[in-house]
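Chain residues, written in single-letter form:
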Amino acid sequence: MKDLFNARTKLARLESRELELLQELLDVRKAVVAQKVVIDELIRASSVPPVSRLPNELLAQIFLLVRDERESLVCISRRWRAVVMDVPSMWSDINLVRYYERRMLLVLHLERSRQSPLTIALSSYDQKLLDVVIPHVNRVHTLRILGGAKEILSEISHIRFPSVQYLLVNLARAHPLLLKTRSSFPALKQLTLQGLLDLPTPLVTPLGDGTLCRFLPRIIPAEPLEELSLEGFAACWEFEKDSLHFPLLRRLALDIGDPIPFLVAIVAPKLASVCITEKYRQEPVSRPLSGTGSKFSNVSHLALSTYGYGMAVDEDEDISDLPVLLCQIFCGIRHADIHVDYVSLLFISSRRQSPIDHWTSLESLTIQNLTFSSLGSFNDLVDWFTKRRDLGQRKLHFKLTLEPAMANNLVTLNTSGTVFQTLQECCASLVLDSFPVTPLTYPSTSAGSLSSS
C-alpha cells in the first residue's frame, strides 16, 4: 500500500509540473508574437524618412524659411501640399514681378494668404496687378519698391497704406516723388532708402532746389521712425547741424559715401544702435563739428563694415580715417562689431592710445570676416588686449568670425600657441564663429594660433 501511495504522489507532482511548463510555453509563445510585432513596427518606422516624422507644426515652420519654393514643395507629397496650403503666411510674401501676365494666380495666392499680414514687392508698374492688390491694402505691412520708383510712386501717391510699418524704396533719381507719398504711410516705423545719388544739377520742382540733401528732411517722416537705413553713393551732402530730428529712432544704418554730414545733422535721443558701411571714395570724409559726439551718448552698439574691394587710401592724405572719427563720435559704445580690415587702423600698439580706447565702456568686441591674408594685423590686436590686462581694465567678451568664403578651408588651432594663451588670459570669454569643424579645430569655445593648411 505504501508503494502505491508514493507512486500516485509522484504522478501528481509530475502532472502539476507539466501544467506549469505548458503555461510557461504559452507565455513564451505570446511573447514571441508580441516581439515580432515590435520588430515589424521598427522596420516600418526605419523606412520612413526622418522629415516625415516631424509634426505638421514644425514642418510648417521649416517651410516658411523656404517659402519662395512653395510651388515645388506642394509637389513632394500629399502631406506637404496639405501643410503648405494650410499655412496662410506661406502665401503672404508677394513679389509682383512673378505674376506678370498671371493675374489669376495672384488672385489665388492672395486668397490663400487669408488675413495674414502681406509683404508686397514691386519692380515695375503694372496697373492690372496693382488693381488685384488694392482691395488687400489694409493687410500690407511691408512694401518694397525695388525698381521703377518714379512711375510707381507717381501712381500710388493717392493710395493710403494704413498698416505699412516697413517701407523700402530704391529711389535712384525719383526722390521728389516720394514727397507725394509721405502721408500715405501713417503707421511707418522702418524706412530703407536705396539708390541715393548726388545730383549734379538741381531739379526743377515746385519746391525749388531739388538736390537730395534739400529733399531728405521733407521726404523722411522722421517723427514715427524707429529704424532708418540710407544706401547709395551720395557723398556731397551739406546739412545744418542738428537740423534732422528723429525723436523715436533706435537703429540707424548708413551705407553712403560720407556719413559724417548726416551724423552732424541728426538729433536722435533714443538712438541705441548704428551700422555704418564704408564705401570706396576718392576724397577724405568730412570732419565732424565740435560737440557732435555728445548727442550720441546713448548709442551702445556700433557695427563698422566695408566692402570686399577695400578702402580708398592715399599716401599723402589719410582718406580712410572714417573708423577713427567714429571712435570719437560714438564714445559710449559697449558692443562693437568691426570688420577685420579696420584692425590695423583702430588697434595701434605703437601709440600711447589707440583710437578704440575712446570706448571706455566697451564690454564685447567682435572682429568680422577674418581671412588668412588679414592674420598679420593680429599682432596689434593681441598687444592691445595685453595692455588692457596690464592696466587692470575690464576683460571683454571677444568673438572672431571667419569670412564665409573661407569656411571650406582648413583652419588649424594650436592651443599651446601665444595667441590663444594671451587672448584666453585677457578676455572674459573667447568665441570662434563660422570656423569649419576638423579634428584640429575647437569651435565656439576656444581659439589658438591660426594658420592655413
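Quick notes on the rules
- Chains are numbered independently. Their residues run from 1 in the order of the written sequence.
- Local features in a predicted model are, by the rule used here, given only for residues with pLDDT of at least 70; side-chain atom pairs are given and counted only at 80 or more, and totals for whole chains, interfaces and linings are based on all residues.
- Think of the side-chain values as coming from all heavy atoms in the structure, minus any hydrogens and water.
- Salt bridges are defined as contacts in which a side-chain nitrogen from Lys or Arg sits within 4 Å of a carboxyl oxygen from Asp or Glu.
- For helices the rule is a DSSP run of H or I covering at least 4 residues; for strands it is a run of E covering at least 2, with both sets numbered from the N terminus onward.
- Only protein chains enter the area calculation, which uses a 1.4 Å probe; residues under 20% of their type maximum are buried, those over 50% are exposed, and those in between are partly exposed.
- Between N-to-C directions, angles span 0 to 180 degrees; the directions come from axes that are lines fitted to C-alpha atoms, helices contributing only their stretch in contact.
- Between 65 and 115 degrees an angle is taken as roughly perpendicular, under 35 as roughly parallel, over 145 as roughly antiparallel, and anywhere else as oblique.
- What makes two residues a contact is simply this: any of their non-hydrogen atoms within 4.5 Å.
- Any residue that is not Ala, Val, Leu, Ile, Met, Phe, Trp, Tyr, Cys, Pro, Asp, Glu, Lys or Arg is counted as polar, Gly included; the first ten are nonpolar and the last four charged.
- What the arc describes is the spread of directions from the helix axis to the C-beta atoms.
- Whenever a nitrogen or oxygen atom comes within 3.5 Å of another N or O atom, the pair is scored as a polar contact, on the condition that within protein one atom can donate a hydrogen and the other can accept it, and that pairs from neighbouring residues in sequence are kept only if both atoms are in side chains.
- Here, any two strands with at least 2 DSSP bridges between them count as paired.
- Note: pLDDT gives the predictor's confidence per residue, expressed from 0 to 100.
- Among buried residues, the Ala, Val, Leu, Ile, Met, Phe, Trp, Tyr and Cys ones that are joined through side-chain atoms within 4.5 Å form a nonpolar core.

> Explanation requested: the pattern of salt bridges in the structure shown.
Working definition: two side chains of opposite charge can pair if their charged atoms are close together. Tallying each qualifying case throughout the model produces 9 salt bridges. Glu363 is the partner of Arg334 in a salt bridge, and the nearest nitrogen-oxygen pair spans 3.6 Å. Placement of Arg334 in the loop between α11 (322–329) and β12 (335–339) and of Glu363 in the loop between α12 (343–346) and β13 (364–370) is noted, with a sequence separation of 29 residues between them. Judged by its relative accessible area of 29%, Glu363 is partly exposed.

> What should I look at first to understand the packing of helix α2 (residues 56–65) against helix α4 (residues 78–85) in this one?
Two quantities define a packed helix pair, namely the angle between the axes and the distance from one axis to the other. With their axes 10 Å apart at the nearest point, α2 and α4 run at an angle of 75° to one another. Relative to α4, α2 is oriented roughly perpendicular. Two secondary-structure elements touch here, α2 through Asn56, Leu59, Ala60 and Phe63 and α4 through Arg79, Trp80, Val83 and Val84. Taken together, the residues that form the contact of α2 with α4 break down as 6 nonpolar, 1 polar and 1 charged.

> Honestly, α2 in this entry has me stumped. Any pointers?
In an α-helix, one turn spans 3.6 residues; hence positions three or four apart end up facing the same way. Listing the buried residues of α2 in full gives Leu59, Ala60, Phe63 and Leu64. One side of α2 holds all its buried residues, which, seen down the axis, span an arc of 145°. Among the exposed residues of α2, those oriented more than 90 degrees off its buried face are Gln61 and Leu65. Packed against the buried residues of α2 are α3 (70–73) and α4.

> Where do I start with the side chain of Ser184 in this structure?
With respect to the helices and strands, Ser184 occurs in the loop between α8 (175–178) and β5 (190–196). Classification of Ser184 by relative accessible area gives buried; the value is 5%. Within polar-contact distance, the side chain of Ser184 engages the backbone oxygen of Ile159 at 3.3 Å. If sequence neighbours within four positions are ignored, Ser184 has contacts with Ser157, Ile159, Arg160 and Phe161.

> For this particular structure, what's the right way to read the pairing of strand β10 (residues 273–278)?
Side chains on a regular strand alternate between the two faces of the sheet. Direction of pairing for strand β8 (residues 251–255) relative to β10: parallel, over a ladder of 4 bridges. Looking at β10, one finds that Leu254 is bridged to Ile276. Bridge count for β10 against strand β11 (residues 301–306) is 6 bridges, and the pairing is parallel. Residue pairing across strands places Thr277 opposite Ser305, the latter belonging to β11.

> Teacher, can you tell me more about the confidence of the model for the chain here?
Predicted coordinates in regions of low pLDDT should not be interpreted in detail. When pLDDT is averaged across the chain, the result is 80; 77% of the residues are at 70 or more. pLDDT under 50 marks residues 309–319. Its contacts with residues more than four places away, or in other chains, come to 22 contacts. For residues 437–453, every residue scores under 50 in pLDDT, and the model assigns this stretch 51 contacts once sequence neighbours within four places are set aside.

> Whenever I open this one, the nonpolar core confuses me. Can you help?
General note: in soluble globular proteins, nonpolar side chains tend to be found buried as a group. In this structure, Phe246, Phe262, Phe330 and Leu365 are the most contacted members of the largest nonpolar core, which totals 92 residues. Excluding residues within four positions of it along the chain, Leu365 makes contact with Ala336, Ile338, Phe347, Ile356, Leu381, Trp384, Phe385, Leu396, His397, Phe398 and Lys399. Judged by nonpolar contacts, the second largest core, of 12 residues, contains Ala60, Leu64, Trp80 and Val84.

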